[in-house]
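Each chain is listed here by its residues.
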Amino acid sequence: MEADIAEVVARIHHTPEQAVLAVAGAGNYALAWLLGVGGASRTVLETRVPYGYLAMTDFLGGYAPEQTVSADTSVRMARAAWTRGMSLRESDVPVIGLSCTATIATDRTKRGDHRAFISTWSAQDATTDSLVLEKGLRDRAGEEDVVSRLVIASLARASAVNAEIALGLSASESVETETVSHGDPIQGLLDKQADWVVVRPDGTMVADAEAPAALLPGSFNPLHEGHVKLASAAEDAFGSPVAYELSVVNVDKPPLEAAEIHRRVDQFRGVGTLVLTRAETFYKKAQLFPGCSFVIGWDTATRLIQPRYYGNSEPAMLTALAEMWGSGSRFLVAGRSDDQGQFRTLGDIVLPGGFHPLFVNLPEGSFRSDVSSTAIRDGR
């Protein structure tokens, strides 16, 4: 490793940013350089090399790119790396997802350009560096060196490290850089550009990020102590984290507007993870998150088995329940007081025959709260 590279890497390691790096086709020297300087554990959360097409598809969450070496694929890789980093970080440090996808000199003649795309994804924006290499000027090791230097330069920029790294470009070569700020993820959800948005306790939002395996749906108007206690009781019951879920579309009410969604989202800062969806029914929620467990109250459980929410068709209701069961979904049911003040539990519900295993009772001793959002809004 040359001294100029080692010096820049050392400076990167002294920044608060942590990164997940994914490279395919080139950029491997950069990984070695980052790991070869002391302090690498402060920067590198994980490295990935999704070289094969199926490996790349898997890394992109099932998305099969038409062209592996492209700016679009590079950005998608960086986003996937950032999402992975958000799940791996152990504190509220800023995360960078970095990707490199390239095609360089190999043991056979290539008809197309030798080129590389390096992208960085942060909470604020995505930046892509594009480079077409002059064919025949260098051997594979020489092209790998150039691309890896550009990877380090891109990571330095994303880490706010002011560094000049000599790339060794010829007169016909140049790096083209494009930065795109992220739009409002909530607006993207409303515009159907995203299927869901994960809002983390620090307020960071990311579209289509990995969601927890258990969700507590609600309107949260407002969020109150009962919701928080129920989530805690459910976590004890599941032995795993529970996130809140808010659908911006409701079966019985008008869709929420962006300003109202932001108001409700703000309630969760420092409280817990919130998942925003357009899934107004549990059938749609289960389709969106296969195998997810849902935490619901007695009143919601009674509506879940009413045919009117399935086009007034009992066969459609039974089919939907069967599909949710088959996908691995389960419903943890907490007791609630009815309109007469009687505390009701799962045992008070007449479930369709054969579907009892789909529902699990949360004992009153584990959770009971008689507060409601309606009563809070009414000042009761």
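Heads up: these notes are all about the structure in this document. Bear in mind that the values here come from a model prediction, so they are computed numbers and not experimental data.

**What about the pattern of salt bridges?**
- What the rule picks out here adds up to 20 salt bridges.
- When the shortest N-O distance is used, the salt bridge between Glu364 and Arg368 registers 2.8 Å.
- With a shortest N-O distance of 3.3 Å, Asp370 and Arg368 are connected by a salt bridge.
- Residue Asp370 is classed as exposed on the basis of its relative accessible area of 52%.

**Topic: the sheet that holds strand E6 (residues 175-181)**
- The mixed open sheet is built from 6 strands, whose spatial order is E2-E1-E3-E4-E5-E6. For this open sheet the edge positions go to strand E2 (44-48) and E6, each flanked by a neighbour on one side alone. The average angle at which neighbouring strand axes cross in this sheet is 10°, direction not considered.
- Sitting on the sheet, helix H2 (residues 28-35) is in contact with strand E1 (18-24) and E2, with an inclination near 150° to E1.

**Some points on the side chain of Ser372**
- Inspection of the secondary structure puts Ser372 in the loop between strand E16 (359-362) and helix H13 (373-377).
- Ignoring sequence-local partners within four residues, the contact set of Ser372 consists of His224 and Arg336.

**Details of the packing of aromatic side chains**
- This structure, assessed with the given rule, holds 10 aromatic pairs.
- Pairing Tyr244 with Phe268 gives two aromatic rings, centres 5.1 Å apart and planes at 55°, and the pair type is tilted. One end of the pair, Tyr244, is in strand E10 (residues 243-247); the other, Phe268, is in the loop between helix H9 (258-266) and strand E11 (274-277), with 24 residues separating them in the sequence.
- Between Phe331 and Phe359 the ring centres are 5.6 Å apart and the planes differ by 25°, which places this aromatic pair in the stacked class. On the criterion of sequence distance, the pair formed by Phe331 in strand E13 (residues 330-334) and Phe359 in strand E16 is long-range, its members being 28 residues apart.
- Residue Phe331 is classed as buried on the basis of its relative accessible area of 0%.
- Phe359 sits in the buried class, given a relative accessible area of 6%.
- A cation sits over an aromatic face here: Arg76 above Tyr63, 3.8 Å from the ring centre.

**What about unusual backbone geometry?**
- Here the residue pair Asn221 and Pro222 is connected by a cis peptide bond, since its omega of 10° sits within 30 degrees of zero.
- Positioned with a positive phi, Ala160 is a non-glycine residue whose angle comes to about 60°.
- By the secondary structure assignment, Ala160 is in the loop between helix H6 (140-158) and E6.
- In this structure, Asp208 takes a positive phi of about 60° despite not being glycine.
- Turning to its location among the elements, Asp208 is positioned in the loop between strand E8 (205-207) and strand E9 (214-217).

**A closer look at the environment of Ile118**
- As for its position among the elements, Ile118 is in strand E4 (residues 114-121).
- As for Ile118 and Met77, which are separated by 41 residues in sequence, their C-alpha atoms are 9.6 Å apart.
- Excluding anything up to four places from it in sequence, Ile118 contacts Ser74, Leu98, Ser99, Cys100, Thr127, Thr128, Asp129, Val147, Leu150, Val151 and Ser154.

Conventions adopted
- Residues numbered from 1 in each chain as written.
- Predicted model: local features only at pLDDT ≥ 70, side-chain atom pairs only at ≥ 80, totals over all residues.
- Heavy atoms only, no water.
- Salt bridge = Lys/Arg side-chain N within 4 Å of Asp/Glu carboxyl O.
- Buried < 20%, exposed > 50% of the residue type's maximum accessible area, 1.4 Å probe, protein only.
- Pairing = 2+ DSSP bridges.
- Helix = DSSP H or I, 4+ residues; strand = E, 2+ residues; numbered from the N terminus.
- Axes fitted to C-alpha atoms, helices over the stretch in contact; angles between N-to-C directions.
- Contact = heavy atoms within 4.5 Å.
- Phe/Tyr/Trp six-rings, centres within 6.5 Å; stacked < 30°, edge-to-face > 60°.
- Lys NZ or Arg CZ within 6 Å of the ring centre and 35° of its normal.

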